[in-house]
Amino acid sequence: MKKSSFAAMILGTVSGVLFALGMCMALLPEWNAFREGIIFGVIGIVLGLVTLIVWRKMEGKQPVKVNGRNLLFAIFGVLGALILGLGMCFCMVWENIVLGTVIGLVGIVMLLSLIPMTKGLK
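The structure presented is a predicted model; accordingly, all values stated were derived computationally and were not measured. (Residues numbered from 1 in each chain as written. Predicted model: local features only at pLDDT ≥ 70, side-chain atom pairs only at ≥ 80, totals over all residues. Heavy atoms only, no water.)

J.: Kindly report on the layout of surface pockets, identifying the contributing residues and their values.
T.: Looking at the largest pocket, its volume works out to about 220 Å³. Lining the largest pocket, in full, are Phe19, Ile45, Leu49, Leu52, Ile53 and Val64. The greatest single-element share of the lining of the largest pocket, amounting to four residues, is contributed by helix α2 (residues 34-58). Broken down by class, the residue content of the lining of the largest pocket amounts to six nonpolar, no polar and no charged. (1 Å grid on protein atoms, 1.4 Å probe; cavity = no way out; pocket = protein on both sides within 12 Å on 5 of 7 lines; lining within 4 Å. Points joined across faces, edges and corners; volume = space filled by probe spheres on them. Helix = DSSP H or I, 4+ residues; strand = E, 2+ residues; numbered from the N terminus. Nonpolar A, V, L, I, M, F, W, Y, C, P; charged D, E, K, R; others polar.)

J.: So what about the environment of Ile10? Which residues, and what values?
T.: By secondary structure assignment, the location of Ile10 is in helix α1 (residues 3-27). Along the backbone, Ile10 and Thr51 are 41 residues apart, and their C-alpha atoms lie at a distance of 9.0 Å.

J.: Provide a residue-level description of the packing of helix α3 (residues 68-92) against helix α4 (residues 97-119), including the pertinent values.
T.: Contact pair α3 / α4: the axes reach a minimum separation of 7 Å and the direction vectors enclose 160°. Taken together, the axes of α3 and α4 are roughly antiparallel relative to one another. Pair α3 / α4 crosses with left-handed handedness. Broken down by class, the residue content of the contact of α3 with α4 amounts to 18 nonpolar, nine polar and one charged. (Axes fitted to C-alpha atoms, helices over the stretch in contact; angles between N-to-C directions. Parallel < 35°, antiparallel > 145°, perpendicular 65-115°, else oblique. Left-handed = near helix turned anticlockwise from the far one by under 90°.)

J.: Help me get a handle on a nonpolar patch on the surface, residues and values and all.
T.: Together, Met1, Phe6, Met9, Ile10 and Val14 make up a nonpolar patch on the protein surface, roughly 510 Å² of accessible area in all. Here Met1 shows up in the segment before α1. In this structure Met1 comes out as exposed when scored by relative accessible area, which is 76%. (Patch = residues over 30% accessible without salt bridge, like charges linked within 9 Å, V, L, I, M, F, W, Y side chains within 5 Å. Areas by Shrake-Rupley, 256 points an atom, 1.4 Å probe, with all protein chains shown as cover. Salt bridge = Lys/Arg side-chain N within 4 Å of Asp/Glu carboxyl O. Buried < 20%, exposed > 50% of the residue type's maximum accessible area, 1.4 Å probe, protein only.)

J.: Tell me about the packing of aromatic side chains, and please be specific about residues and values.
T.: One pass over the structure, following the stated rule, counts one aromatic pair. Where Phe90 meets Trp94, the ring centres are 5.0 Å apart and the plane angle is 75°; that geometry is what we call edge-to-face. For Phe90, a relative accessible area of 18% corresponds to the buried category. (Phe/Tyr/Trp six-rings, centres within 6.5 Å; stacked < 30°, edge-to-face > 60°.)

J.: Talk me through the side chain of Thr51; I want residue IDs and the actual numbers.
T.: Along the chain, Thr51 falls in helix α2. When residues no more than four places from it in sequence are discounted, the contact partners of Thr51 are Ala8, Leu11 and Gly12. (Contact = heavy atoms within 4.5 Å.)

J.: Which residues make up unusual backbone geometry, and what values do they have?
T.: Here Asn32, not a glycine, exhibits a phi torsion of approximately 50°, which is positive. Note on placement: Asn32 falls in the loop between α1 and α2. A relative accessible area of 71% places Asn32 in the exposed class.

Okay, structure coming up:
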């Protein structure tokens, strides 16, 4: 395993755990830790961005270019993840299995379509 992959794995895991813990703290009223959860979540997001920067630097790659195309892909990915989450809510929270499954599949198809959108078909 290369050092860059190991560093990215460790930093990514820590950032993901911090983000997940922060969201649990913020969204579970039983924990009564909304403000602290937001702080943990933001630290997890920032650490995730730092992980991306560190990994790209260790791999000798150029920084990610922020242009309209990449911004559109990011928005499309976030929208796909939100639609997938909405489908899960329909299934688990509102007990509407059929509609939730259809909505969730739309979100999954959106997320899967990101691969050919970014890499292209050959």
